[in-house]
Amino acid sequence: MQVVATLSLKGGVGKTTVALGLAGAALHHGVRALVVDLDPQANSTIALDVGTTTATVADVLDDPRPSVVRRAIAPSGWGDGLDVLVGAEQTERHNHPDPGPEQLIRLARALEQLDDVEQVEGPARRGESNGQAAANGNPGDGHAHDEPYRLVIIDCPPSLGQLTRSALAAAHRAVLVTDPTIFAVSGVQRAFDAIQTERQRGNPDLQPLGVLINRVRPRNTEHEFRIHELRELFGPLVFTGVLPDRSAIQQAQGACMPIQRWDTPGAREASAVFTLLLGRVLRSERTQRVVGATTAPPATR
């Protein structure tokens, strides 16, 4: 199971868009995935068209036992194979600026226990109402799914408090999201610094997967300059593909649909970028397995 955090320490750059696009790519390519909505705005939960649960990620951070995690996971309305650890405004109470070690490992502890959690297959996935599900002996809060999650995507809030640090403590890779503006370089550098700090504090497996530039407009001189600046400073860590600024992305989110099902030229252009991102994530999982099988990872690389 590969855990990937979508990270930005600057708001408004489309971090949730990237988390949703990666989730849609996983669904489209048959990769069973779980989205963890760690942002108190809970935009991922809304866009993924999730039903009601009896717990949220806020409750999981209070008590990461499998029984609580189970109640906080619901099937996405996008289709079979994509579930959500649902977000809520109450998650903000866990966003302390200076959390202790015990607080920071609760999300990691919850994700480590996913094998003990009955993977959900709620009534929405089977075309049943809650009443029909109960009548058929299928409780609305889910039952076992044979296939484990291959990918966990954590949508972080745009700040470096307890929630983002909890995600970095639990993740194997981080996708740094930015836009091509004057603030891009400083924001990406702060995100890299946060990753390195978390590696030294207790998660040496964490690595930056790369920088994804979002909301790029063609033939925009300022955007071209900022993209060149990012590539000069961060080299191959900046993804070759960039996400174009397309109205189709917002339209698909507004319709609670994956961009992969929004049949317009702009949507297909964005979908291709997310497919490449998914491939890079899955290749990093294989690399991690090889490294883990041969030698312990060094403190820095």
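Residues numbered from 1 in each chain as written. Predicted model: local features only at pLDDT ≥ 70, side-chain atom pairs only at ≥ 80, totals over all residues. Heavy atoms only, no water.

Student: Is there a simple way to explain the pattern of salt bridges in this structure?
Tutor: Opposite charge on two side chains permits pairing when their charged atoms draw close. Throughout the structure, instances matching the rule amount to 15 salt bridges. Across the salt bridge formed by Asp179 and Lys10, the nearest N and O atoms sit 3.6 Å from each other. Highlighted residues: Asp179 in the loop between strand E6 (173–178) and helix H10 (184–201) and Lys10 in the loop between strand E1 (2–7) and helix H1 (15–28), separated in sequence by 169 residues. On the basis of relative accessible area, Lys10 is assigned to the partly exposed category, the value being 23%. A salt bridge links Arg165 to Glu198; the nearest nitrogen and oxygen atoms lie 3.8 Å apart. Separated by 33 residues along the polypeptide, Arg165 in helix H9 (residues 162–170) and Glu198 in helix H10 bring together distant segments of the chain. Taking relative accessible area as the criterion, Arg165 reaches 10% and is therefore assigned buried. Salt bridges linked by common partners bring Lys15, Asp39 and Asp155 together as one network. (Salt bridge = Lys/Arg side-chain N within 4 Å of Asp/Glu carboxyl O. Helix = DSSP H or I, 4+ residues; strand = E, 2+ residues; numbered from the N terminus. Buried < 20%, exposed > 50% of the residue type's maximum accessible area, 1.4 Å probe, protein only.)

Student: Would you take a moment to explain the nonpolar core for this structure?
Tutor: Most often, soluble globular proteins have nonpolar side chains that are buried together. With 48 residues, the main nonpolar core has Val36, Leu38, Leu111 and Ile154 as its most contacted residues. At 7 residues, the largest contribution of residues to this core is made by H10. If sequence neighbours within four positions are ignored, Leu38 has contacts with Val57, Leu61, Thr91, Leu107, Ile154, Asp155, Cys156, Pro157, Leu163 and Ala167. Ala26, Val35, Leu82 and Ala248 belong to the second-largest nonpolar core, a separate cluster that totals 41 residues. (Core = buried A, V, L, I, M, F, W, Y, C linked by side-chain atoms within 4.5 Å. Contact = heavy atoms within 4.5 Å.)

Student: Sorry, what's going on with the sheet that holds strand E7 (residues 207–213) here?
Tutor: Strand-to-strand pairing in sheets goes through backbone hydrogen bonds, with the strands running parallel or antiparallel. Read across the sheet, 7 strands follow the order E3-E4-E2-E5-E1-E6-E7 without closing on themselves; strand pairing throughout is mixed. On the outer flanks of this sheet lie strand E3 (73–75) and E7, each paired with one strand and no other. Shown here is a sheet whose adjacent strand axes are inclined to one another by a mean of 25 degrees, direction ignored. Where E1 lies against E6, 4 bridges are found, and the strand directions are parallel. (Pairing = 2+ DSSP bridges. Axes fitted to C-alpha atoms, helices over the stretch in contact; angles between N-to-C directions.)

Student: Can you help me understand the packing of H9 against H10 in this one?
Tutor: The description of two packed helices rests on the angle between their axes and on the distance between the axes. Axis separation between H9 and H10 bottoms out at 10 Å; the angle between their running directions is 60 degrees. In terms of axis orientation, H9 runs oblique to H10. In terms of crossing hand, the pair formed by H9 and H10 is right-handed. Contacts from Arg165, Leu168 and Ala169 of H9 reach H10 at Ala194, Ile195, Glu198 and Arg201. (Parallel < 35°, antiparallel > 145°, perpendicular 65-115°, else oblique. Left-handed = near helix turned anticlockwise from the far one by under 90°.)

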